[in-house]
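Spelled out, the chains give:
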Amino acid sequence: MTDNNKPDIQHGNELLRDERYNKGTAFTESERQELNIEGLLPPVIEDIDKQLKRVLFQLDNKKNDLERYILLTNLLDRNETLFFKTLMSDPKRFVPIMYDPTVGEACLKFSEIYRDKSGMYVTSNNKGKMSDVLKNWPEKDIRFICVSSGGRILGLGDLGANGMGIPLGKLQLYTACAAIPPYGLLPVLFDFGTDNETLLNDPFYIGLRQHRPSTDVIDELVEEFTESVKSVFPQCCIHFEDWKGADALRILKKYKNKICCYNDDIQGTSAVVLAGIMGALKIKGGNLKDQRILIFGAGSAGIGIADMLSAAIQAEGKTENEAVSQISLFDINGLIVKSRTDLNEYQKVFAHDVSSSKDLNEVISDFKPSILIGVSTVGKAFTETIVKTMSRINERPVIFALSNPTDHAECSAQDAYTWSDGKVIFAAGIPFDPVTYNGNTYCPSQANNYYCFPGVSLGIYATQPKLVTDQMWIEACKALAEMLTDDEKNKGMVLPPQNDILDISFNIGVRVAETAFAAGLAQVKQPEDLRSWISDMLYKPEYK
Ligand code: NAI
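Residues numbered from 1 in each chain as written. Predicted model: local features only at pLDDT ≥ 70, side-chain atom pairs only at ≥ 80, totals over all residues. Heavy atoms only, no water.

### A short note on the environment of tyrosine 21
Operational definition: Each helix corresponds to a stretch of at least 4 residues labelled H or I by DSSP, and each strand to a stretch of at least 2 residues labelled E; elements are numbered beginning at the N terminus.
Its location among the elements puts tyrosine 21 in the loop between helix H1 (12-16) and helix H2 (29-34). Along the chain, tyrosine 21 and alanine 427 lie 406 residues apart, while their C-alpha atoms are 42 Å from each other.

Written out as C-alpha cells, the structure reads:
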C-alpha cells in the first residue's frame, strides 16, 4: 500500500499540487531548498496544529455548511493530510458538513460545483471494457470501492451522476471516523443514466443524457463491474450506497454470499437499529429473542431492519419461522399480510396469515409490539394515540422514529417522552436536543449510520474476509451496545456518544476482525495481539 512517504520524483510546483505529499507552510527551510520550492510559499513555517487553527478560523467565517463543504473539498484537493487532520479533530462536527445533510445539497448542485478531482465514473458505455477503465485509476492497491448509481440519493430521489458526492463523502468517513488510510479508497459513480428530467435538461449536467435502462441491463452491467473489480483489485470490498431500493435489495441478495461486499443503506442502517435495540434492552431488561417488533415502513430500510433482526433473533436460538413471526411490517397500503397481492419477494417473507388492516393503532393493539420502528418518511405518523397505546401495552415501550429529514420524523422526542409519561425509550434518525420532563432529563440517541459502517469496514480492511456476514454486523452491534455506560443508560441513551466515534469504530473493527478469523473467512494470517495489530494500521494525519 502506498504510504505517506515523500516520493523521490516530486519537486517544485508539482509537489505543491500533489495533495498527498503537499504540506504547504509546514515544509521546513531545508525541505524547501532541497525540493526546489523556495519562493513558492510564504516565508512562515507552521506545524499542522497551527495550520488546523487557520482552517477552523476560515470555516467559522463561512456563511453556511455548503460553503464549508466547498472550502474543505478545496483543502482536500491541496493537502490531504490537513483535510483529514481537520475532520478527525472533531468528526461529530464535520460529518454533517462532509456528509448528510450538507452532501445532499452538494449533490443537488454537483454539476455546478464540479471539480476535476473526484472519483471514477463508470458508465453503461463502458460495457465490455470495464476492467480497462478500472485500470486507469492511478492507485493500484484498492481496498474499498464505494459505488452509487445515483438512483436514490438520501431522501432526494434520482440524482444521476450528481450522486458522486455520496461515495466521495462516505469514503471520507472511513478515514474520519475509523482512521482507515485514505490511499486505497476509490469512490465510483456508476452512471446508467437518470430519469430526472430536470437534470437531463440541465446544460451543466455532468452525466449521461439518457434514461435508466431495464433491470436486466443494470444487472448485466453490475455483473461485469463486480467481475472486473475482482480481477483488477483482488483485495477490494465493494460498498454499495444509495442505489434505488429495489436495485439495492436485489444486488445485495445476489452478491452478499458471493463476494466481499455490503450495502450500508440496508445492512449499516439495520445494524445501527439493532445496536440501538440492544442498548434499549440494557435499559429495560429482556432478551432480543423475546421481543415483538413492528416496523412502520417496508422499503429498503424497513426490509433491511427486518432481515437483520430476524438473523439476530435466530442467533439467540430461535428458528427462522419463530423469528419471522415476531416481526411485522406496515406500509402505505397497511399491514403486510399474506392476502395482499402487491408485495415484493422481500416483504412476502414477513407476511403473516392475519387479517389486513390500515389502522396502525389497531395493529399495535393486536400484535402487541414491544418495539415500534418508523422508517416510513411520514412525519408525525406516531400520534399521541399510538404512543399511548404502546405505553399501555409495555412498561417501557421502545420507539425509534428514524425517518429524516426533521419534518419526516414519525414523532418528536418531546412528544414521545410527554405522551408516554417519561416511559418511552426513544431514538431518532435526526438529532434531537435533550428533553426535560417531570424533572428528569432524557438524551435521545441519534441512530446515525456512521456508528457502524466505518468500524465494520476497519475490520474488513484488517482481515480482507471472503464475505461480509450477518454475524459480523451482529457482533459489531454487540460491541457498540457494550460501550454504553450506566450514566448514559440513565439518560435514556441507547447508543454511546457520537464524539467517541474513533474509539467506537476501533472496538467494532477489532470485534469484526475476531469474527472473521473465528469464521475462517479472513484471508490474512491471524496476529497474536489483534488490538495492537489493528492499531498499527490506523491512519494518522501527520506529515512525514
Ligand atoms: P423507501 O421509500 O424505500 O420506503 C418507505 C416505506 O414507507 C415504503 O414501504 C412505503 O410504503 C412506506 N410508507 C410511505 N407512506 C406511508 C404511510 N403513509 N403509511 C405507512 N407506510 C408508508 O425509503 P427507505 O429508504 O426505506 O427510507 C425510509 C426512511 O427511513 C427515510 O426517511 C430515511 O431517511 C429513513 N432512514 C433512516 C436511517 C437512520 O436513521 N439511520 C437510515 C435509513 C433510512
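### Points about the pattern of salt bridges
Pairing between side chains of opposite charge can happen when the charged atoms of each approach one another. Stated formally: For this analysis, a salt bridge means a side-chain nitrogen from Lys or Arg found within 4 Å of a carboxyl oxygen belonging to Asp or Glu. Type-normalised accessible area, obtained with a 1.4 Å probe on protein chains alone, sets the label of each residue: buried when under 20%, exposed when over 50%, and partly exposed for intermediate values.
By the definition in use, this model includes 35 salt bridges. Among the salt bridges present, the one from glutamate 105 reaches lysine 109, with a minimum N-O distance of 3.5 Å. The class of glutamate 105 is partly exposed, set by a relative accessible area of 35%. On the basis of relative accessible area, lysine 109 is assigned to the partly exposed category, the value being 30%. One salt-bridge network, held together by shared partners, links Glu475, Lys478, Glu482, Arg511 and Glu514.

### Observations regarding the domain arrangement of the protein
Which entries qualify depends on this criterion: All domain edges in this entry derive from an automatic or database-based domain assignment. Here the quantity called buried area is the total loss of accessible area, with a 1.4 Å probe, experienced by two parts when brought into contact, counted for both.
In terms of domain boundaries, the protein breaks down into domain 1 (47-259), domain 2 (267-447) and domain 3 (451-535). Taken over C-alpha atoms, the centre of domain 1 sits 31 Å from the centre of domain 2. Three residues, Leu249, Leu252 and Lys253, lead the burial of domain 1 against domain 2; their summed loss comes to 65% of the area buried on that side. Scanning the region where domain 1 abuts domain 2 turns up 1 salt bridge. With its nearest N and O atoms 3.0 Å apart, the salt bridge here joins glutamate 345 to lysine 253.

### Details of the nonpolar core
Generally speaking, nonpolar side chains in soluble globular proteins are found buried as a group. Rules: We define a nonpolar core as any set of buried Ala, Val, Leu, Ile, Met, Phe, Trp, Tyr and Cys residues linked to one another through side-chain atoms lying within 4.5 Å. What makes two residues a contact is simply this: any of their non-hydrogen atoms within 4.5 Å.
Formed by 113 residues in total, the largest nonpolar core has its most connected members in Leu72, Ile295, Leu309 and Ile373. In this view, leucine 309 contacts Leu274, Ile277, Leu288, Ile293, Ile295, Ile327 and Ile373; residues no more than four positions away in its chain are not counted. Residues Met120, Val229, Val232 and Leu249 belong to the second largest nonpolar core, which totals 34 residues.

### Looking at the sheet that holds strand E10 (residues 398-401)
Convention followed: Two strands qualify as a pair provided that DSSP identifies no fewer than 2 bridges between them. Angular values range over 0 to 180 degrees, each being the angle between N-to-C directions of two axes fitted as lines to C-alpha atoms, with helices fitted over their stretch in contact.
Reading across the sheet, the 7 strands line up as E8-E7-E6-E9-E10-E11-E14 and stay open at both edges, with mixed pairing between neighbours. Across the chains shown, the open sheet's two edge strands, defined by having one partner strand only, are strand E8 (334-335) and strand E14 (445-446). Across 4 bridges, the pairing between strand E6 (residues 293-296) and strand E7 (residues 327-331) is parallel. Counted as the bridge partner of isoleucine 293 is isoleucine 327 from E7. Of the strands in this sheet, E6, E7, E8 and strand E9 (371-374) are in contact with helix H17 (residues 360-367), which crosses E6 at around 165°.

### Remarks on the side chain of glutamate 80
Position of glutamate 80 relative to the elements: it lies in helix H5 (residues 80-89). Setting aside its immediate chain neighbours within four residues, glutamate 80 contacts Glu19, Arg20, Leu75, Pro182, Tyr183 and Tyr539.

### Quick look at the site of the ligand
We count it as follows: Near, as used in this document, describes a residue that has one of its heavy atoms within 4 Å of the molecule or strand being considered. Pairs of N or O atoms within 3.5 Å make up the polar contacts considered here, provided that, within protein, one atom can donate a hydrogen while the other can accept it, and that residues adjacent in sequence are counted only when both atoms are side-chain atoms.
Within the structure, the ligand sits among 20 residues, and Ala298, Ala301, Asn404, Ala447 and Asn449 are positioned closest to it. With respect to the ligand, the backbone of alanine 298 contributes an N or O atom lying 2.8 Å from an oxygen atom. Here a nitrogen atom of the ligand and a side-chain polar atom of asparagine 449 are 2.8 Å apart.

### So, the environment of valine 44
Along the chain, valine 44 turns up in the loop between H2 and helix H3 (48-60). We classify valine 44 as partly exposed; its relative accessible area is 39%. Excluding anything up to four places from it in sequence, valine 44 contacts Thr25 and Arg32.

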